[in-house]
Structures are given as C-alpha cells and as structure tokens.
Amino acid sequence: MKNPWFIKIHFPQSKAFDIVKVSRPYFVVPWHFHPEIEIMFLTSGSGTRFVGDSIESFDARELVMMGANLAHVWKNGESHFGQHAQNLAGATYMVMKETAMEDLLDYTEMEPVKDLFLRAKRGIKFGEEVTERVGEMILNAYQQTGPTQLISFLNILKELAETEDYRYLCPAHYRQKVDEHDLAKLDSVLDYLIMNYKNEVRLEDVADIANMSLTAFCRYFKERTHKTVIQFLNEIRIEQAQRMLVETQDNVEKISVKCGFNNITNFYQQFQKVVGLTPLNFRKNNLAKIY
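Read on for a plain summary of the structure. In this text, all values refer to a predicted model and were calculated from it rather than measured experimentally.

### Some remarks on the overall build of the chain
Looking only at helices and strands, one finds 11 helices and 9 strands in the chain. Since a compact globule built from 291 residues should have a radius of gyration of about 19 Å, the 20 Å found for the chain is in line with a globular shape. For the C-alpha atoms alone, the extent of the chain along its principal axes is close to 60 × 50 × 40 Å. Buried residues in the chain amount to 46% of all 291 residues. Summarising the internal contacts of the chain: among those between residues at least 6 apart in sequence, 72% fall at separations of at least 24. With an accessible surface of roughly 15000 Å², the chain has 50% of that area assigned to carbon and sulfur atoms. Taking the average location of the 34 positive side-chain charges in the chain and that of its 38 negative ones, the two points are 4 Å from each other.

So this is what it looks like as structure tokens:
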C-alpha cells in the first residue's frame, strides 16, 4: 500500500519561497497536496492535468497556480512511456509559504497579491500572453540569488495579481474533501483510468484497485471528486479526443473509438456536454486558431 500523498516541501526555514527545476522522462509525483502555494510553469511534455475537480489536457508552455492544500497532479501521456519514448517532461515551479509572508501581506500595497492567493484556492490557468511573459521571468529568477531573486519573485506575483488574462479551474462552490489518506487510493485509480481509458472499463475492476466494494467505492469516489466514476472517465476520454481532433486528421468516428467510446452517438452527446460544441465545430474553431 502506498504511503499517503501529503507532500512535504523541503526548503530552508529562513526562506519564504523556493524555485525548483525538473526534467525527466515523465512526471513522477502522484496526486498530492501541500500547504504551500505553487506556481507551475510547464516547459515540455504533454498529458492530462488534474487540479481539484478539473480534468484537462496539457502541453508545454502553460502556467498554472494552485492555492494551499489544493490537490493536483500532471500525468504524462503515452508518448512519454515505452521503449522508444523520447519526450521529456519539464517544469520550473515556485513554491511559497503564505504563513511566512503574513506580515508583508498586511501592507496595503500587497492587497492585490493577497487577493491572488485567495483566488488560487480554485486553481488558476493563465492565458498565453501572460504565460510567455511570466514564464520567462520564472526561468530567469531560477538563475538568480539573493535580493535580485527576491525582487523577481515579487514582480512575478505583481504580474499575476494584476493580469485579467486567466480562468479558474475549479468552480466557486468546489470544496476539497480528499485528505492525505484518500490521495494514495485515488492516485492509483487515476493511473488505472488514464492507462485504460481506450478500453472497456468495468467499475468492479476500478473498485478493486481501491480495495473497496463496488457500492462503497462509487459512493466514496463521488463524495471526494464530486463526480461519478463514469463522468470522470468520460472527461478523460473527451480531453484525449480534443487533442486528437486538433493534432490528427482522423475522422470523428475513428477518434471516438480510439478514446474508448463504442457508440458514436454517445460520444457526440458526451463531447457536447463537456465541451459545449460538437466535435466538428471544436476542430474547425481550433484549426482556425492555428492557421
């Protein structure tokens, strides 16, 4: 049985923040939470991002901020695994202790940053323009030390606090019900669903992963994620379908089968429910943005 995935962030007690750079074949940290606020700048890799109850695909050059104790994980896709995998997963992220900044946050000038920390409790994904600008600031700050790095840190918070180019990942009513004992169990379920979304998924098999009876597991999963297992699985499948609609020339029926749907009508219904568009309209809109 895995240990509970409460993550202890290690950096000197004398520091209010730290900047960390990672590069590996795939991200290895499981679904987790910690009391520190985190700003994640993805520099390479692709897959599926889970933040709170949000499920979305991700690519390189994205900037996401998570508030204290908001569960999150980046799960890489198939291109990062296997004998011939060549893709790398890379990120530079900032972690900060809000408690270490309490005195600073009490100043009137820091009200926008204080509000940013509050908004981050729902998870925030920033738009392309601010991502490129602040992403470069984070990369530069990683190379710095002392007062220069501190000034860069405050400038990064200033930029993120002032921009309107962002969207929330979790709804306003979202309240996280998972704790450190749940996360290990749910992380195993996430891994199973991501590895098997193309196939028929039996609820009994998923319940076995969690070492629970089917009835108890379905109730448990819904309480922790605010979604049924089928809703959760369908959102993973639809995220993969969105990627394929943009990145391949496969027709809609072929994509639906590759993503685990054995009924094209159900695929259309689920896609419209999750995305708000038909698959063809989604492809048309996103190809227009590329070209």
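Now, onward.
### Focus: the sheet that holds strand β8 (residues 124-126)
In a beta sheet, neighbouring strands pair by backbone hydrogen bonds and run either parallel or antiparallel. Spatially, 6 strands are ordered β1-β7-β2-β5-β8-β9 in an open sheet, and the strand pairing comes out antiparallel. With partners counted over all chains shown, the strands left at the sheet margins are β1 (17-24) and β9 (166-168), one partner each. Across this sheet, the average inter-strand angle for adjacent strands is 20°, counted without regard to direction. Summarising the sheet, strand β5 (residues 62-66) and β8 pair through 2 bridges and their orientation is antiparallel.

### Description of unusual backbone geometry
The phi dihedral of R61 falls on the positive side, at around 65°, and the residue is not glycine. The class for R61 is partly exposed, based on a relative accessible area of 31%. In this model, N69 sits at a positive phi of 65°, which is unusual for a non-glycine residue. Mapped onto the elements of the fold, N69 is located in the loop between β5 and β6 (72-76). The class for N69 is partly exposed, based on a relative accessible area of 34%.

### Description of the environment of T248
Following the sequence through the fold, T248 ends up in the loop between α8 (229-247) and α9 (252-258). The class for T248 is partly exposed, based on a relative accessible area of 27%.

### Let's talk about a negative patch on the surface
Taken together, the side chains of E102, D103, D106 and E111 make up a negatively charged region of the molecular surface. By the element assignment, E111 lies in helix α2 (residues 111-119). The class of E111 is partly exposed, set by a relative accessible area of 41%.

### Details of the side chain of Q242
Within the secondary structure layout, Q242 lies in helix α8. Q242 gets classed as buried once you look at its relative accessible area, which sits at 14%. With sequence-adjacent residues up to four places away left out, Q242 is seen in contact with F271, V275 and F282.

### Considering the sheet that holds strand β3 (residues 47-51)
With antiparallel pairing, the 3 strands of this open sheet are ordered in space as β4-β3-β6. At either margin of the open sheet sits one strand with a lone partner, and together these are β4 (54-58) and β6. Within the sheet, the average angular offset between the axes of one strand and its neighbour, ignoring direction, is 20°. Of the strand pairs in this sheet, β3 and β6 are connected by 5 bridges, and their pairing is antiparallel. Across the sheet, residue T48 finds its bridge partner in β6, namely K75. Running over the sheet, α8 touches β3 and β4 and is turned about 25° from β4.

### Topic: the environment of Y168
Structurally, Y168 is set in strand β9. Y168 sits 58 residues away from M110 along the chain, and the two C-alpha atoms are 21 Å apart. Sequence-distant contacts of Y168, that is, excluding residues within four places in its chain, are made with R119, R122, G123 and I124.

### Notes on the environment of F153
Within the element layout of this structure, F153 appears in helix α4 (residues 146-162). When the C-alpha positions of F153 and N140 are compared, they lie 10 Å apart, and in sequence the two are 13 residues distant. Setting aside residues up to four positions removed in sequence, F153 forms contacts with F17, M94, M96 and M101.

### Topic: the packing of aromatic side chains
Counted by the stated rule, this structure contains 11 aromatic pairs. Taken together, a centroid distance of 6.5 Å and an interplanar angle of 40° make the contact between F27 and F58 tilted. You can see F27 sitting in the loop between β1 and β2 (37-44) and its partner F58 sitting in strand β4, a full 31 residues away along the chain. The exposure classification of F27 matches that of F58, with both residues buried. Ring plane angle 55° and centroid distance 5.8 Å describe the contact between F267 and F271, whose orientation is recorded as tilted. Placement of the pair is F267 and F271 together in helix α10 (residues 264-275), with a separation of 4 residues, close to one helical turn. Every member of this aromatic cluster is reached through a ring pair, and the members are F261, F267, Y268, F271 and F282.

Thresholds, definitions, all that
For every chain, the first residue of its written sequence is number 1, and the numbers climb from 1 along that sequence. Local features are withheld for residues below a pLDDT of 70 in this predicted model, meaning they are given only at 70 or higher, and side-chain atom pairs are given and counted only at 80 or more; totals for whole chains, interfaces and linings count all residues. To get the side-chain values, take all heavy atoms of the structure and skip hydrogens and water. Helix and strand labels come from DSSP, where a helix needs a run of H or I of at least four residues and a strand needs a run of E of at least two; each type is numbered from the N terminus. To get the radius of gyration, use the C-alpha atoms; to get the globule rule, take the number of residues to the power 0.38 and multiply by 2.2 Å. The rule is simple: take the accessible area with a 1.4 Å probe, protein chains only, and divide by the maximum for that residue type; under 20% is buried, over 50% is exposed, in between is partly exposed. Only heavy atoms matter for contacts: two residues are in contact if any of them lie within 4.5 Å across the pair. Areas reported as accessible are Shrake-Rupley estimates using a 1.4 Å probe. Residue values count occlusion only from the protein chains shown. Only four residue types enter the charge count: Lys and Arg as positive, Asp and Glu as negative, with His and the chain ends excluded. Every charge is mapped onto a representative atom, which is NZ of Lys, CZ of Arg, CG of Asp or CD of Glu. Pairing between two strands requires that DSSP report at least two bridges joining them. The convention used is that axes are lines fitted to C-alpha atoms, helices contributing only their stretch in contact, and that angles between N-to-C directions extend from 0 to 180 degrees. Patch criteria: residues need more than 30% relative accessible area and no salt bridge. Like-charged residues are merged within 9 Å; nonpolar side chains of Val, Leu, Ile, Met, Phe, Trp and Tyr are merged within 5 Å. When a carboxyl oxygen of Asp or Glu lies within 4 Å of a side-chain nitrogen of Lys or Arg, that pair is called a salt bridge. When the centres of two rings from Phe, Tyr and Trp lie within 6.5 Å, Trp using its six-membered ring, the rings pair. Their planes under 30 degrees apart give stacked, over 60 give edge-to-face, and anything left gives tilted.

Interpretation note: all reported values are geometric properties and have no functional meaning in isolation.
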